[in-house]
Amino acid sequence: DTGFGWSYTYPLILSTDRHKQHKTIYKFFDYLRSVEFAERITQFTGRGEPFVCYSFTLNSTHPGSEVRPHKDGIQKNKDAKDSFLNIVFFINGTGGPNSGNLSLSRDPALKDIIFEPHNLNNACLIYDSMADFYHGFKPVARGKFRWAINSQFCKKSFVENLAVSK
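The rules behind the values
- Residues numbered from 1 in each chain as written.
- Predicted model: local features only at pLDDT ≥ 70, side-chain atom pairs only at ≥ 80, totals over all residues.
- Heavy atoms only, no water.
- Helix = DSSP H or I, 4+ residues; strand = E, 2+ residues; numbered from the N terminus.
- Buried < 20%, exposed > 50% of the residue type's maximum accessible area, 1.4 Å probe, protein only.
- Areas by Shrake-Rupley, 256 points an atom, 1.4 Å probe, with all protein chains shown as cover.
- Arc of directions from axis to C-beta.
- Core = buried A, V, L, I, M, F, W, Y, C linked by side-chain atoms within 4.5 Å.
- Salt bridge = Lys/Arg side-chain N within 4 Å of Asp/Glu carboxyl O.
- Pairing = 2+ DSSP bridges.
- Axes fitted to C-alpha atoms, helices over the stretch in contact; angles between N-to-C directions.

**Student:** Would you mind showing me how to read the overall build of the chain here?
**Tutor:** From N to C terminus, the chain includes four helices and nine strands. In the chain, the succession of α and β elements from N to C terminus is β-α-α-α-β-β-β-β-β-β-β-β-α. The buried share of the chain, reckoned over its 166 residues, is 41%. Roughly 9,600 Å² of accessible area belongs to the chain as shown, and the carbon and sulfur atoms make up 53% of that amount.

**Student:** Explain helix 2 (residues 23-32) to me, please; I cannot follow it from the model alone.
**Tutor:** One full turn of an α-helix is made of 3.6 residues, so residues set three or four places apart face in the same direction. Tyr26, Phe29 and Leu32 are the residues of helix 2 that are buried. Across the axial projection of helix 2, the buried residues extend over an arc of 110°, all falling on one side. Summarising the geometry of helix 2, the exposed residues directed more than 90 degrees from the buried face are Lys23, Thr24 and Lys27.

**Student:** Please explain the nonpolar core as it appears in this structure.
**Tutor:** Nonpolar side chains tend toward joint burial in soluble globular proteins. Ranked by internal contacts, the top residues of the largest apolar core, which has 14 residues, are Leu32, Ile41 and Phe153. Those elements that place two or more of their residues in this core are helix 2, helix 3 (35-45), strand 2 (51-60), strand 4 (84-93) and strand 9 (146-155).

**Student:** Looking at this structure, I do not really get the pattern of salt bridges. What am I missing?
**Tutor:** Working definition: two side chains of opposite charge can pair if their charged atoms are close together. Applying the stated rule across the entire model yields seven salt bridges. Put simply, Asp132 and Lys71 hold a salt bridge, and the shortest N to O gap is 2.5 Å. Taken as a pair, Asp132 in the loop between strand 7 (123-128) and strand 8 (134-137) and Lys71 in the loop between strand 3 (67-70) and strand 4 lie far apart in primary sequence, 61 residues in all.

**Student:** I would appreciate a short explanation of the sheet that holds strand 3 in the present structure.
**Tutor:** Ordered in space as 3-8-5-6, the four strands form an open sheet in which the pairing is antiparallel. Looking at strand neighbours, the two that pair on one side only are strand 3 and strand 6 (113-115), the edges of this open sheet. Strand-to-strand twist across the sheet, computed as the mean angle between neighbouring axes with direction ignored, equals 35°. For strand 3 and strand 8, the ladder comprises two bridges, and the chain directions are antiparallel. Note on strand 8: the bridge partner recorded for Val67 is Phe137.

If you want it as structure tokens, here you go:
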């Protein structure tokens, strides 16, 4: 279940009391959108072009929650080639099988797993949004949970081109 989200093309509005109750979360979101973190991501990618935060969502799972294996829709955008990176920050979770641990797989049935994290406490998973694999997780089992922040970064030139085309 998604509790909060933002995308580069929309303003971040933090004027409600609900937002003021979660100052630590919003400090983290501000950091994700900062020049300092953008520079760290740019260096991490080694792609020689500046990256910026494109989107993020705050979400939690409960028994029965699932993300059906898929490839991100951005892969269909020919202008996005080599431009997108996903970072999933696992804040807290039970870990182990069927706990909302986002898996990377060569097939849409999650049978040919490339990677599946087991630690869902203060950990992150970083992957190329444009890579030729699926990601998702099977239904969360009874007694298990996961809290996460999903963020997507892209080349700054991609969002600048979006602004020009509008």
